[in-house]
Amino acid sequence: MVRTVFILMFVALLAGCAKPPAAGQAGSASLTVSDVDGQSHTPLAASSQQARVFIFITTDCPIANGYAPEIARITAAYEPRGIKVYLVHADPDVTADRANQHAKDYRHANTILLDRDQALAKATGATVTPEAVVVSPKGDMLYRGRIDDRYATFGRKREVVTQTELRDALDAILGGRPVPVARTEAIGCHIPL
């Protein structure tokens, strides 16, 4: 059953997605989204942070939920070094209460954005959960793709992670180097665009 769901999501993804923005084209700096507390954020505007990470999630995606411990480790490792990690709910039906309960259930301590009209997902090209997007202090996209290679394909999980592209991108940014791989393919649940 799970395999069938993943296959259907993959087919829908291939059939219905427009060409996403390339690296460096993160979208409008004036785009505004609210967090679960009702505060407005302009995620693609200029910032004093070293970088910002937007990890797109949904409450019911087993792959995204399975990444909760790694998201917590990434947040703990990089936020003290000037990289802000946000979680983005791009499901139009997710309420602030539901997102807060999800954060409590999975121990997410991040700022949680509600992208109900998928404006941030569209601006960044995110199409699945979990998918990570990293933007520069100027709002340029530096990386978009998977957190790591834990999933080889739909329904097939690796026992050992061998590639950590999101961490590699963040380490490069902090080291003043170009991101080694700017784009990878994320495996996960389809964002309803």
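Before any of the text, the structure's been laid out above.
This report concerns the structure included in the present document. Since we're looking at a predicted model, the values are computed, not measured. (Residues numbered from 1 in each chain as written. Predicted model: local features only at pLDDT ≥ 70, side-chain atom pairs only at ≥ 80, totals over all residues. Heavy atoms only, no water.)

### Describing the pattern of salt bridges
Consideration 1: Counted under the stated rule, the structure contains eight salt bridges.
Consideration 2: Note that Lys84 and Glu79 form a salt bridge whose closest N and O atoms lie 3.8 Å from each other.
Consideration 3: Residue classification places Glu79 among the partly exposed positions, given a relative accessible area of 27%.
Consideration 4: Between Arg146 and Glu165 there is a salt bridge, with its nearest N and O atoms 2.5 Å apart. One end of the pair, Arg146, is in the loop between strand S8 (141-145) and strand S9 (151-153); the other, Glu165, is in helix H6 (residues 165-174), and 19 residues separate them in sequence. Of the two residues, Arg146 and Glu165, both sit in the buried class.
Consideration 5: Through salt bridges with shared partners, a single network forms among Glu70, Arg73 and Arg167. (Salt bridge = Lys/Arg side-chain N within 4 Å of Asp/Glu carboxyl O. Buried < 20%, exposed > 50% of the residue type's maximum accessible area, 1.4 Å probe, protein only. Helix = DSSP H or I, 4+ residues; strand = E, 2+ residues; numbered from the N terminus.)

### Overview of the packing of aromatic side chains
Consideration 1: Scanning the entire structure with this criterion turns up two aromatic pairs.
Consideration 2: Ring plane angle 20° and centroid distance 5.1 Å describe the contact between Phe54 and Tyr86, whose orientation is recorded as stacked. Highlighted residues: Phe54 in strand S3 (residues 51-57) and Tyr86 in strand S4 (residues 83-89), separated in sequence by 32 residues. Tyr86 matches Phe54 in its accessibility class, with the two residues each being buried.
Consideration 3: Here the aromatic rings of Tyr67 and Tyr151 are separated by 6.4 Å at their centres, their planes lie at 50°, and the arrangement is tilted. Of this pair, Tyr67 sits in the loop between helix H2 (62-66) and helix H3 (68-78) while Tyr151 sits in strand S9; the two residues are 84 residues apart in sequence, bridging distant segments of the chain.
Consideration 4: Look at Tyr67 and you get buried, because its relative accessible area is 3%.
Consideration 5: When its relative accessible area of 14% is taken as the criterion, Tyr151 is described as buried.
Consideration 6: Positioned over the ring face of Tyr67 is Arg150, at 4.5 Å from the centre of the ring. (Phe/Tyr/Trp six-rings, centres within 6.5 Å; stacked < 30°, edge-to-face > 60°. Lys NZ or Arg CZ within 6 Å of the ring centre and 35° of its normal.)

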